[in-house]
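A structural walkthrough
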Amino acid sequence: MLEPDALLVDIAAMVESEHSNQMPLTVVVPGAVITGRLAPEDLWRERVAEVLATSDHLKPFSALFAVPAADPAGASAADGQVRRPTHLHLHLARILQGSFGLPHTGGMYRIAIADVSSWTVGDLSYSDQ
């Protein structure tokens, strides 16, 4: 397996440190092209927990996504160094399939940075024009 792209890791780390969810990104992973906006892990987890909590069947799983108060994303490791991100957290994300983006409204995706074979800044979309 190849080393994760250092620039992509740096972008993810900046999103984590600045708590910004405005960076549009499109990634290619095995079997899919996914486009959306990068979000800090703690905000992504919080949103997933909120969605799961509204479902009678999935509500018990929402606790798994709660951000531990003592260990927020990007916190320092025991040796004092900031952890480098290993995953991208996309919201308003769509898997591009032909001329469609699924789901149409966008979803929440967690992608291992090591699985990304290529990427571009920007949110790809289709137009009928």
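Everything numeric here is computed off the predicted structure, so don't read it as measured data. (Residues numbered from 1 in each chain as written. Predicted model: local features only at pLDDT ≥ 70, side-chain atom pairs only at ≥ 80, totals over all residues. Heavy atoms only, no water.)

**Things to note about the side chain of Arg94**
Filter applied, for reference: For helices the rule is a DSSP run of H or I covering at least 4 residues; for strands it is a run of E covering at least 2, with both sets numbered from the N terminus onward. Here's how the labels work: a residue is buried when its accessible area is under 20% of the maximum for its type, exposed when over 50%, partly exposed in between, all with a 1.4 Å probe on protein chains only. Counted as a polar contact is a pair of N or O atoms within 3.5 Å, where, for protein atoms, one must be capable of donating a hydrogen and the other of accepting one, and residues adjacent in sequence contribute only when both atoms are in side chains. Here, residues are in contact when the closest pair of their heavy atoms is within 4.5 Å.
With respect to the helices and strands, the residue Arg94 is situated in strand β3 (residues 87-97). For Arg94, a relative accessible area of 14% corresponds to the buried category. Reaching out from Arg94, the side chain makes a polar contact with the side chain of Asp123 at a distance of 3.4 Å. Setting aside its immediate chain neighbours within four residues, Arg94 contacts Val33, Ile34, Thr35, Gly101, Leu102, Pro103, His104, Gly106, Tyr109, Asp123, Leu124 and Ser125.

**Brief notes about unusual backbone geometry**
Positioned with a positive phi, Leu92 is a non-glycine residue whose angle comes to about 50 degrees. Mapped onto the fold, Leu92 is located in strand β3.

**Observations regarding the environment of Leu96**
With respect to the helices and strands, the residue Leu96 is situated in strand β3. With a relative accessible area of 13%, Leu96 lands in the buried category. It is 7.3 Å that separates the C-alpha atoms of Leu96 and Thr35, two residues lying 61 residues apart in sequence.

**Observations regarding the sheet that holds strand β5 (residues 118-121)**
The line we're drawing: Strands are treated as partners if at least two bridges between them are detected by DSSP. Under this scheme, a helix contributes an axis fitted over its contacting stretch, all axes are lines through C-alpha atoms, and angles between N-to-C directions fall in the 0 to 180 degree range.
If you walk across this open sheet you meet the five strands as β4-β3-β2-β1-β5, and the pairing is antiparallel. Strand pairing shows two members of the sheet lacking a second neighbour, β4 (100-112) and β5, which therefore form its edges. Pairwise comparison of adjacent strand axes, ignoring direction, gives a mean angle of 30 degrees for this sheet. Here β3 runs beside β4; their pairing, made up of eight bridges, is antiparallel. Bridge pairing links His89 to Arg110 in β4.

**A closer look at empty space enclosed by the protein**
In plain terms, the rule: Here a cavity denotes grid points, spaced 1 Å and computed from the protein atoms alone, that fit a 1.4 Å probe unable to get out, and a pocket denotes an open set having protein on both sides within 12 Å along at least 5 of 7 lines; residues with an atom within 4 Å of a point are the lining. Grid points are joined across faces, edges and corners, and a volume is the space filled by probe spheres set on the points. Ten residue types, Ala, Val, Leu, Ile, Met, Phe, Trp, Tyr, Cys and Pro, are classed as nonpolar, four, Asp, Glu, Lys and Arg, as charged, and the remainder, Gly among them, as polar.
A complete count under the given rule lists one cavity of 30 Å³ or more for this structure. A volume near 40 Å³ is recorded for the largest cavity. Along the walls of the largest cavity sit Ala12, Val15, Glu16, Leu38, Ala39, His87, Leu88 and His89, which together make up its complete lining. Looking at the lining of the largest cavity, the elements with two or more residues in it are α1 (6-18) and β3. Partitioning the lining of the largest cavity into residue classes produces five nonpolar, two polar and one charged.

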